[in-house]
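Structure at a glance
Take a look at the letters that make up each chain.
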Amino acid sequence: MSRLYDRVALITGGNSGIGQATALRFAREGALVMIAARDRSKADNTIDEIRSDGGEARFIMCDVRSPDDCNRAVQATIEIFGGLDILFNNAGLVPYGTILETDTSTWLDTFAVNVHGTYFMSRAALPHMIDEGKGVIVNNASDWGVVGAQGAAAYAATKGAIVQLTRSMALDHGRQGIRVNAVCPGDTFVNRWRTNERGAAMTDVEFATYLAELGEEFPLGRVGLVDEIARGVLFLASDDSSYMTGQLLIVDGGNTAGGASTRYR
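Computed from a prediction, not measured in an experiment: that's the story for all the values here. Starting afresh in each chain, residues are numbered from 1 along the sequence in its written order. Side-chain atom pairs in this predicted model are given and counted only at pLDDT of 80 or more, local residue features only at pLDDT of at least 70, and totals for whole chains, interfaces and linings cover all residues. Note that water and hydrogens are dropped before the side-chain values are worked out from all heavy atoms of the structure.

Considerations on helix α5 (residues 153–173)
The cut-off we apply is this: Note on conventions: DSSP H or I runs of at least 4 residues are helices, E runs of at least 2 residues are strands, and numbering of each starts at the N terminus. To estimate the expected span of a helix, subtract one from its residue number and multiply by 1.5 Å. Accessibility here uses a 1.4 Å probe with only protein chains present; expressed as a share of the type maximum, an area under 20% marks a residue as buried, one over 50% as exposed, and anything in between as partly exposed. What makes two residues a contact is simply this: any of their non-hydrogen atoms within 4.5 Å.
For α5, built from 21 residues, the straight-helix expectation of 30 Å at 1.5 Å per residue is met to within 8% by its first-to-last C-alpha distance of 30 Å. Looking only at α5, the buried set comprises A154, Y155, A156, T158, K159, I162, V163, T166, M169, A170 and H173. Those residues of α5 that are buried are in contact with α4 (104–132), β5 (135–140), β6 (178–185) and β7 (248–251).

This is how it looks when you write it as structure tokens:
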């Protein structure tokens, strides 16, 4: 039987990148998927693909910086699908820069999306899960939440906060039947990488060269694919990890095996 048969999953930022790949992976495993994001146009193709494969998915407009939006997303998921079994807190921003290079608005907005969004959505979902006596929350952290990051101060700070929030939530809610873990992706190919430092789209040749040079920095010799991260999220969301809570699943091609992480931009 499929690993998530008839379970209801809410995925923030599920319209692109890791979130989109996870929505597709969950649906293939039998889950009913709610995609919560700010851009519906990006989600429509994902929903069409899920339905064409015989699955079911819906979309709800949601800005995770808003506690009201998070409450509405959870309530809509429960009303449409009859419950909420899995929450994947995936929405996030990835700004680059040292403290001196990061302006105040960027710093605050990165925390608002990455940390406050995880808090708001978890706070909205937990009462239902507690009432049901079961539930799974997976937070998207980062290998840069485990080791320091060069040139990405705001991002690394938020991901370190998510790591500790994950552990605290696991301790607080384990006896209520709720498991909370975090996936920590390393460098994973997403479409925004095609834009160079000047803000222009790379040519295919430029991009292939960039990926090859970047991949040489890691033990496996390449960057990750979004579906490779999605499979890690699936493991944490399914009963395959039934005796795991408060843990970090690092999926980074060996990037942090030596206790360090490198800058790639």
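Some remarks on unusual backbone geometry
A positive phi is found at D6, a non-glycine position, where the angle reads about 65 degrees. Residue placement: D6 occurs in the segment before β1 (8–12). The exposed category is assigned to D6, whose relative accessible area is 52%.

Focus: the confidence of the model for the protein
Rule in force here: Looking at any residue, its pLDDT shows the predictor's confidence there, from 0 to 100.
Mean pLDDT over the protein works out to 93, with 95% of the residues at or above the 70 mark. At the low end of the mean pLDDT range in the protein sits helix α6 (residues 204–215), at 84; at the high end sits strand β4 (residues 86–89), at 99.

Let's talk about the packing of aromatic side chains
Definition in use: Centres within 6.5 Å make a pair out of two Phe, Tyr or Trp rings, where for Trp the six-membered ring is used; the pair is then stacked when the planes are under 30 degrees apart, edge-to-face when over 60, and tilted otherwise.
Tallied over the full model, the rule gives five aromatic pairs. Each ring, one from W144 and one from Y155, has its centre 6.2 Å from the other, and the planes form 75 degrees; the classification is edge-to-face. Placement of the pair is W144 in the loop between β5 and α5 and Y155 in helix α5, with a sequence separation of 11 residues. Y155 carries the same exposure label as W144, and that label is buried. Arranged with centres 5.4 Å apart and planes meeting at 55 degrees, the rings of F189 and F207 form a pair that is tilted. With F189 in the loop between β6 and α6 and F207 in helix α6, this residue pair connects regions lying 18 residues apart in the sequence. Given the relative accessible area of 22%, F189 is considered partly exposed. Residue classification places F207 among the buried positions, given a relative accessible area of 4%.

Points about the sheet that holds β1
The criterion, for reference: Pairs of strands are assigned from DSSP output, requiring at least two bridges between the strands. Lines fitted to C-alpha atoms define the axes, with helix axes restricted to the stretch in contact, and inter-axis angles between N-to-C directions lie between 0 and 180 degrees.
The strand order β3-β2-β1-β4-β5-β6-β7 describes an open sheet built from seven strands, whose pairing is parallel. The open sheet has two edge strands, β3 (56–61) and β7, and neither has a second partner. Strand-to-strand twist of the sheet, defined as the mean angle between neighbouring strand axes without regard to direction, takes the value 20 degrees. In this structure, β5 lies alongside β6, joined through six bridges in parallel fashion. Bridge pairing in β6 links I137 to V180. Contacts from helix α1 (residues 17–28) reach β1, β2 (32–37), β4, β5 and β6, with the element oriented near 170 degrees to β1.

Concerning the environment of I250
On the secondary structure map, I250 appears in strand β7. C-alpha separation for the pair I250 and D143, spaced 107 residues apart in sequence, amounts to 6.4 Å. Beyond its immediate chain neighbours, meaning those up to four positions away, I250 contacts V146, C184 and T256.

Some thoughts on α1
If you check α1, its first and last C-alpha atoms are 17 Å apart, about what 12 residues at 1.5 Å a residue would give, namely 16 Å. Counting buried positions along α1 yields nine of 12 residues, so the element is predominantly enclosed. Every buried residue of α1 is accounted for by I18, G19, A21, T22, A23, L24, R25, F26 and A27. In the segment just after α1, G30 is the residue with positive phi, at about 100 degrees.

Quick word on the pattern of salt bridges
Pairing of side chains with opposite charge becomes possible as their charged atoms draw close. Just so we agree on the cut-off: For this analysis, a salt bridge means a side-chain nitrogen from Lys or Arg found within 4 Å of a carboxyl oxygen belonging to Asp or Glu.
According to the stated counting rule, one finds 13 salt bridges in the structure shown. In this structure, D227 and R25 form a salt bridge, with 2.6 Å as the shortest nitrogen-oxygen distance. Of this pair, D227 sits in helix α7 (residues 226–237) while R25 sits in helix α1, and the two are 202 residues apart along the sequence. Where D109 meets R65, a salt bridge forms, and the shortest distance between an N and an O atom there is 2.8 Å. A residue pair is termed long-range when its members are at least 10 positions apart, and D109 in helix α4 and R65 in the loop between β3 and α3 (67–81) qualify at 44 residues. Residue classification places R65 among the partly exposed residues on the basis of a relative accessible area of 31%.

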